[in-house]
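A look at the structure
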Amino acid sequence: MNISLSNSSLNSWEGEILIIGIFEGKSPNLNFLEKETGTNLSNALNNQKFTGKTGEVKYFNFFHHKYEKLIFIGLGDPKKSSINSLKRNISSAVKLTKKSTGKIGIYVPWENYDQDQAIEAIGESARLSLYKDNRFKSCLEEGDENNSKSIQIICCSETSKVCINKIEAVCSGIEMARELVASPPNYLTPNEYANIAKQLAKENNLKLKVLDKKDCQNLGMGAYLAVAQGSDLDAKFIHLTYKPSESANRRVVLVGKGLTFDSGGYNLKVGASQIEMMKFDMGGSAAVMGAAKAIGQLRPENVEVHFIIAACENMINGSAVHPGDIVTASNGKTIEINNTDAEGRLTLADALVYASKLEPDAVIDLATLTGACVIALGDDIAGLWTNNDLLAEELTTAAISVDEGLWRMPLHDPYKDGIKSMFADMKNTGPRGGGAITAALFLKEFIGDSIPWAHIDIAGTVWSDKDKNSTPSGATGYGVKTLVKWVCNDSLQQAQS
Ligand code: BES
Ligand code: MN
Ligand code: ZN
């Protein structure tokens, strides 16, 4: 999809489909459009009770006229104009253009917005709403091809060019995350994951280190390797690094759960446990990869970012973990694996130990960790656990600003009793109640209290069965925007000031 800026006036813009935003209570001058189409649009809009309330959409199709389609969207009260509601409104408008290949123009009354913010919102929303994952289709329907669409944001100054780069950086990161999540497990294997990371590093000027099974053994990653041992495919531990051109004053690590498939192991996923969906069990790492792609393009100053994925699959063969096995993680702690389906936390344990050895200022992990989190918060809201109030505040603010649901949950210490083991330092699974909390408490054992750390459980938000605003159904790419916002926030502000 090609998104560009047009500094021609609304009247002189050339193209087939025009999307026009109208604030509530403002009657815009539609004279030139009425002449062009021979239609009394003001009357038609009135008749259809269009008042400009946010969420209203009306469209008109024309034959043998300059325009193929005119779409009017309500932007609501101009005094309350919000960027997130603008995104939603643009999304519902562009979805009406899915089947068309004509050039699309989008115009909103700029004076009520911070122009750059609005351009980014419009571009992002339009691109993400129309994006289609065609990788596994052998034939396409009209309008399905992503590069067949051209969108122009009308009437903005050339000085906003930098917005186009930001749109490209963030959207390409989100699209990458969505594609990774939607990739079937016979395609996205741990080895293929490492290949994709290699390509990503090359294209976005990142450093890459891939540890294979031997390297991980040498580091004593007994928890991670235990999960991988029941698969015919070897584990790949992926470590990407972004370094700014000048030395950074902040170093952060993003860790993502990277189970390319989770069968449950000998505690096999049966019944309604959605085994066929468990290709999405690498959604945490997909968000981390997507963030790496975006950050590699945005190149924020002052911050060094590490991206870590302990990739493997949880399968069953003669070498697979027996329920009851005891393993030792790379910090020396022993774990009784009382449930092989609580595998994500085992892989994250060694990944978090590795992350803390980098002595960072903060570590954030994202994981499709527990069904319990889905029960607690549903599929709009991810759970946040952190040992640091400031980090909680920063992440919550970042998530709100990009319209991703995130809610802080308690690291309730007494629940640690639930993962006490008779034989080892801990078990990997506690009681059913509070299952997302014990999972977070388990992770905390591998990072400690001295490093600000946050854990985000995205088991619910990674996938959606229905369209939600500018996110079509399927893999959502959840987390990329919040991570990018959180990483880039102060450094971008500094760069601008
Ligand atoms: N990948 C699953 C969590 C999951 C379940 C994500 C459903 C999305 C939808 C994870 O590895 C898992 O199986 N967790 C178990 C933990 C339990 C055995 C303590 C779960 O939530 O059932
Ligand atoms: Mn599992
Ligand atoms: Zn899992």
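Read on for an overview of the structure.

What counts and how
Residues numbered from 1 in each chain as written. Chains lettered and ligands numbered in written order. Predicted model: local features only at pLDDT ≥ 70, side-chain atom pairs only at ≥ 80, totals over all residues. Heavy atoms only, no water. Near = heavy atom within 4 Å. Polar contact = N/O pair within 3.5 Å; in protein donor to acceptor, adjacent residues only side chain to side chain. Areas by Shrake-Rupley, 256 points an atom, 1.4 Å probe, with all protein chains shown as cover. Nonpolar A, V, L, I, M, F, W, Y, C, P; charged D, E, K, R; others polar. Donors = N, O, S within 2.8 Å, 3.2 Å for Na, K, Ca; no water. Tetrahedral: all angles 85-135°; square planar, octahedral: opposite > 155°, others 65-115°. Buried < 20%, exposed > 50% of the residue type's maximum accessible area, 1.4 Å probe, protein only. Helix = DSSP H or I, 4+ residues; strand = E, 2+ residues; numbered from the N terminus. Core = buried A, V, L, I, M, F, W, Y, C linked by side-chain atoms within 4.5 Å. Contact = heavy atoms within 4.5 Å.

**Considerations on the site of ligand 1**
Taken together, 16 residues lie around ligand 1, and K269, D281, D341, E343 and G371 are the ones closest in. Between K257 and ligand 1, the recorded distance is 3.2 Å, taken from a side-chain N or O atom to an oxygen atom. A distance of 2.8 Å separates a nitrogen atom of ligand 1 from a polar side-chain atom of D281. Relative to its unbound accessible area of 520 Å², ligand 1 is 81% covered by the protein chains. For the shell around ligand 1, the residue count by class is four nonpolar, five polar and seven charged.

**Thoughts on the coordination of the zinc ion (ligand 3)**
In the first shell of the zinc ion (ligand 3), the protein supplies K257 (NZ), D262 (OD), D281 (OD) and E343 (OE), at 2.0 to 2.4 Å from the metal. Taken together, the six donor atoms surrounding the zinc ion (ligand 3) define angles of 78 to 174 degrees at the centre, an arrangement classified as octahedral. Ordering the donors of the zinc ion (ligand 3) by residue number gives the pattern K-x4-D-x18-D-x61-E. Residue classification places E343 among the buried positions, given a relative accessible area of 1%.

**What about unusual backbone geometry?**
Despite not being glycine, H64 shows a phi value in the positive range, around 55 degrees. Among the structural elements, H64 can be located in the loop between β3 (57-61) and β4 (69-76). Take H64: its relative accessible area is 81%, and that puts it in the exposed class. We note that E359 has phi near 50 degrees; this positive angle belongs to a residue other than glycine. Here E359 lies in the loop between α10 (344-357) and β13 (362-367).

**Some details on the coordination of the manganese ion (ligand 2)**
Protein-derived ligands of the manganese ion (ligand 2) are D262 (OD), D341 (O), D341 (OD) and E343 (OE), with the metal-ligand distances lying across 2.1 to 2.2 Å. What the six donor atoms of the manganese ion (ligand 2) show is an angle range of 71 to 167 degrees at the metal, which sorts the shape as irregular. Considered as a linear motif, the donors of the manganese ion (ligand 2) on their single chain read D-x78-D-x1-E. A gap of 3.1 Å separates the manganese ion (ligand 2) and the zinc ion (ligand 3), which D262 links by coordinating each metal. Here D262 is found in strand β9 (residues 250-262), whereas its partner D341 is found in the loop between β12 (334-336) and α10, with 79 residues between them in sequence. For D262, a relative accessible area of 3% puts it in the buried group. Judged by relative accessible area, which is 23%, D341 ranks as partly exposed.

**Thoughts on the nonpolar core**
Membership of the largest hydrophobic core comes to 111 residues, with the highest contact counts inside it found for L33, F72, Y193, L240, L254, M289 and W486. For this core, the element with the most residues is helix α5 (residues 161-182), which contributes 11 residues. Apart from the residues within four sequence positions on either side, Y193 is in contact with L180, L188, I238, T260, M282, S285, A286, M289, I309 and A311. If you look at the next biggest cluster of nonpolar residues, it comprises 52 residues, including V227, W385, M426 and L443.

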